[in-house]
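Here are the chains, one letter per residue:
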Amino acid sequence: MKIAIMASEGAPYVKSGGLGDVMEALPSALSRIEGNEVVLLLPYYQKILKNEAYEVEQVACFDVALGWRQQYAGVYRLKNRSDSVQVYFIDNLYYFGDRGGAIYGDPDDGERFAYFSKACLDTLLHIDFIPDVIQCNDWQTSLVPVYLKSLYAPHFPRTKCMFTIHNIEYQGWADGYFFDDVLGLPESSRERLDMGGSVNCMKGGIETADLVTTVSESYARELMYPYYAHGMDSVLAGNAGKLTGITNGIDVNTFNPETDPALRAHYNAQTLTKGKASCKKRLQQEVGLPQRADVPLLVMVTRLAGHKGLDLLCYIARRLLLEEDCQLLILGTGEQHFQDFFLFLQQEFPDRVSAKITFDLALASRIYAGGDIYLMPSKSEPCGLSQMNAMRYGTIPVVHATGGLKDTVPPVDAEGEGGLGFTFQSYNADDFLGALKRCLHLYKDDPAKFRALQRKCMRQDFSWDKPAGKYMELFQKMINS
Ligand code: GLC
């Protein structure tokens, strides 16, 4: 099968969050399936262009028509990729040049990603790759099916398109005039993008794609409710027959405690006790916490954003620290008030709390390895990857039973049996604290059972093999339709 994947980010080249991880592992997993040819298209952000590790050759150059604009596009093929995925970067310094290092958040994001979506289809024509299916991701590439089914239909008469929602909060809103001024689409597409007189790019993707997926089964169900859907519930309800959830995997080669180059000690499920103790000791030293082997180390690696459930943690943090002997370590950047809160907490409890307000992938790995308990009280979570990373490194998750957290962390009882982690049902700080305390008590009162649970987490199959198979089934379903 010929598969073209399009996204605004993809690790290891460029990553701001989970989408970047998925765009590293999913194309690779699909390319390992016999008979598949996989092409991945990404913007050539300046930081990729400047990275000398990536050897490229220019394979095409043309203009993209965007309303009244004609915008340059240079297409560069990556020469040194270790698997069979063909990666192409689309170059235009006006849209993807130095923007203060960030990849999103500019007032012209709508135009930038409309350009990218259209340039992707032009690229396929120039490299002569007419795919059986296109898989595109989040609002930044949600215009791909809109263009595909209108202006580009004569060039791609049989190509089917899947649109995948990783984050419904960002939808690509623009003023109504954006449709005429930038998109240059036929009048018949207007209604598909219109939401109360404004343009909503994600709506266009949902309405026009052949199938819509999201990144866990529970989240696909939750999206039918206004509480989760950020205004998109009625659009999704109208397309419910097209919507499926496929729970993400993680890249089990990158996230592997036996080989991870960021770790100073390596281990597997058999050597867990010794390996983790060593990682924990060094982590405590690195982040400025007392090197105590017996104290439970609670950790979190997260964007400091509201929906990650940080308000619950803020609410219970002091109580937790006063009532329980534990250490708390947070890594991440984001909303100022959360950054301030954790820095203050660190000042108040210097021997107990460490707040690392930064983005550091190597430290993240050392935290998954050195921590005992991983906190993820997200208010909503389409899938979530870090709970799986944590489990792969033998760190027990305490999570809110929502979205992908519900699907990947079945609940254990107070004895640590029957599931993989400690969960709470309603989004409430006391319930979160309750789940956390159950976990802490198992840690302290029954170390053997805690160990057994850690080993069980480490032995789970979080690889992309199964999800990639499900994507293939849906691709086939689109082709047959
Ligand atoms: C987004 C979601 C996250 C998901 C990731 C990859 O970042 O918020 O839950 O795991 O995309 O699909």
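Residues numbered from 1 in each chain as written. Predicted model: local features only at pLDDT ≥ 70, side-chain atom pairs only at ≥ 80, totals over all residues. Heavy atoms only, no water.

A. Spotlight on the pairing of strand 15 (residues 353–356). Pairing analysis gives four bridges linking strand 14 (residues 327–331) to strand 15, with the strands arranged parallel. Residue pairing across strands places Leu328 opposite Val353, the latter belonging to strand 15. Running through helix 14 (residues 336–348), the crossover from strand 14 to the neighbouring parallel element strand 15 is right-handed. (Pairing = 2+ DSSP bridges. Helix = DSSP H or I, 4+ residues; strand = E, 2+ residues; numbered from the N terminus. Right-handed = clockwise from strand over helix to strand, strands pointing away.)

B. Local environment of helix 1 (residues 18–31). Here helix 1 contains 14 residues, and its C-alpha end-to-end distance of 20 Å stays within 8% of the 20 Å for a straight helix at 1.5 Å per residue. For helix 1, a buried count of 13 out of 14 residues is recorded, marking the element as mostly surrounded by other parts of the structure. (Expected span 1.5 Å × (residues − 1). Buried < 20%, exposed > 50% of the residue type's maximum accessible area, 1.4 Å probe, protein only.)

C. Looking closely at the sheet that holds strand 16 (residues 373–376). Spatial ordering of the open sheet is given by 15-14-13-16-17-18, a layout of six strands whose pairing is parallel. With one partner strand each, in any of the chains shown, strand 15 and strand 18 (422–424) form the two edges of the open sheet. Here the average twist between neighbouring strands, direction ignored, is 15 degrees. Sheet analysis places strand 16 next to strand 17 (residues 396–400), joined by four bridges and oriented parallel. Bridge assignment links Ile373 to a residue of strand 17, and that residue is Ile396. (Axes fitted to C-alpha atoms, helices over the stretch in contact; angles between N-to-C directions.)

D. Geometry of the sheet that holds strand 8 (residues 173–174). The strand order across the open sheet formed by three strands is 8-10-9, and the pairing between neighbours is antiparallel. Every interior strand has two partners, whereas the edge strands, strand 8 and strand 9 (194–195), have only one. Against the sheet, helix 8 (residues 201–208) makes contact with strand 9 and strand 10 (198–200), and its axis sits at roughly 55 degrees relative to strand 10, the strand it touches most. (Contact = heavy atoms within 4.5 Å.)

E. A look at the environment of Asp181. Relative to the elements of secondary structure, Asp181 occurs in helix 6 (residues 177–183). Sequence spacing of Asp181 and Tyr368 is 187 residues, and the spatial spacing of their C-alpha atoms is 47 Å. In this view, Asp181 contacts Leu66, Gly67, Trp68 and Arg69; residues no more than four positions away in its chain are not counted. A polar atom in the side chain of Asp181 sits 2.8 Å from the side chain of Trp68. (Polar contact = N/O pair within 3.5 Å; in protein donor to acceptor, adjacent residues only side chain to side chain.)

F. Spotlight on the state of the cysteines. One pass over the full model with this rule turns up zero disulfides. As a non-bridged cysteine, Cys383 has Cys457 as the owner of its nearest cysteine sulfur, 15 Å distant. Given the relative accessible area of 2%, Cys383 is considered buried. Free of any disulfide, Cys439 has its nearest cysteine sulfur in Cys457, 9.7 Å distant. (Disulfide = S-S within 2.5 Å.)

G. Spotlight on the packing of aromatic side chains. For the structure on display, the rule yields 23 aromatic pairs. Each ring, one from Tyr44 and one from Phe89, has its centre 5.1 Å from the other, and the planes form 10 degrees; the classification is stacked. Of the two residues, Tyr44 is situated in the loop between strand 2 (37–43) and helix 2 (46–49) and Phe89 in strand 5 (residues 86–91); the sequence distance between them amounts to 45 residues. We classify Phe89 as buried; its relative accessible area is 0%. Here the aromatic rings of Phe96 and Tyr115 are separated by 6.1 Å at their centres, their planes lie at 50 degrees, and the arrangement is tilted. Here Phe96, found in helix 3 (residues 93–96), pairs with Tyr115, found in helix 4 (residues 109–126); they are 19 residues apart in sequence, far enough to count as distant. Considered together, Phe96 and Tyr115 belong to a single accessibility category, that of buried residues. The ring of Phe129 has Lys2 sitting right over it, with the charged end atom 5.0 Å from the ring centre. (Phe/Tyr/Trp six-rings, centres within 6.5 Å; stacked < 30°, edge-to-face > 60°. Lys NZ or Arg CZ within 6 Å of the ring centre and 35° of its normal.)

H. Just the site of the ligand, in detail. Around the ligand, a shell composed of Gly18, Leu19, Val22, His166, Val215, Asn248, Glu381, Pro382, Cys383, Gly384 and Leu385 is seen. Within the side chain of Asn248, one N or O atom sits 2.8 Å away from an oxygen atom of the ligand. Here an oxygen atom of the ligand and a backbone polar atom of Gly384 are 2.8 Å apart. Here the shell around the ligand is built from residues that sort into six nonpolar, four polar and one charged. Residue-level mapping places the shell around the ligand at the junction of two domains, with at least three residues from each of domain 1 (2–249 + 465–480) and domain 2 (272–458). (Near = heavy atom within 4 Å. Nonpolar A, V, L, I, M, F, W, Y, C, P; charged D, E, K, R; others polar. Domains from an automatic or database assignment.)

I. Up close: the domain arrangement of the protein. Under the domain assignment used here, the protein contains domain 1 (2–249 + 465–480) and domain 2 (272–458). The straight-line distance from the C-alpha centre of domain 1 to that of domain 2 is 33 Å. Listed by partner, the interface residues are 20 residues for domain 1 and 17 residues for domain 2. Carbon and sulfur atoms make up 57% of the surface buried where domain 1 meets domain 2, a total of about 1300 Å² over both sides. Counting across the interface, domain 1 meets domain 2 through zero salt bridges. For the pair domain 1 and domain 2, the number of links is eight residue pairs in polar contact (both at pLDDT 80 or more). Breaking the side of domain 1 that touches domain 2 down by element, the ones donating at least two residues are helix 1, helix 9 (217–222) and helix 10 (226–229). In terms of residue count, helix 9 provides more of the side of domain 1 that touches domain 2 than any other element does, four residues in total. Considered class by class, the residues forming the side of domain 1 that touches domain 2 number six nonpolar, nine polar and five charged. (Buried area = accessible area lost by both parts, 1.4 Å probe. Salt bridge = Lys/Arg side-chain N within 4 Å of Asp/Glu carboxyl O.)

J. Local environment of the pattern of salt bridges. What the rule picks out here adds up to 26 salt bridges. The shortest N-O distance in the salt bridge between Arg81 and Asp83 comes to 2.6 Å. A residue is classified by how much of its surface remains accessible, and Arg81, at 17% relative accessible area, is buried. Asp430 is the salt-bridge partner of Arg319, the closest N and O atoms lying 2.9 Å from each other. On the criterion of sequence distance, the pair formed by Arg319 in helix 13 (residues 310–323) and Asp430 in helix 18 (residues 429–445) is long-range, its members being 111 residues apart. By relative accessible area, which is 39% here, Asp430 ends up partly exposed.

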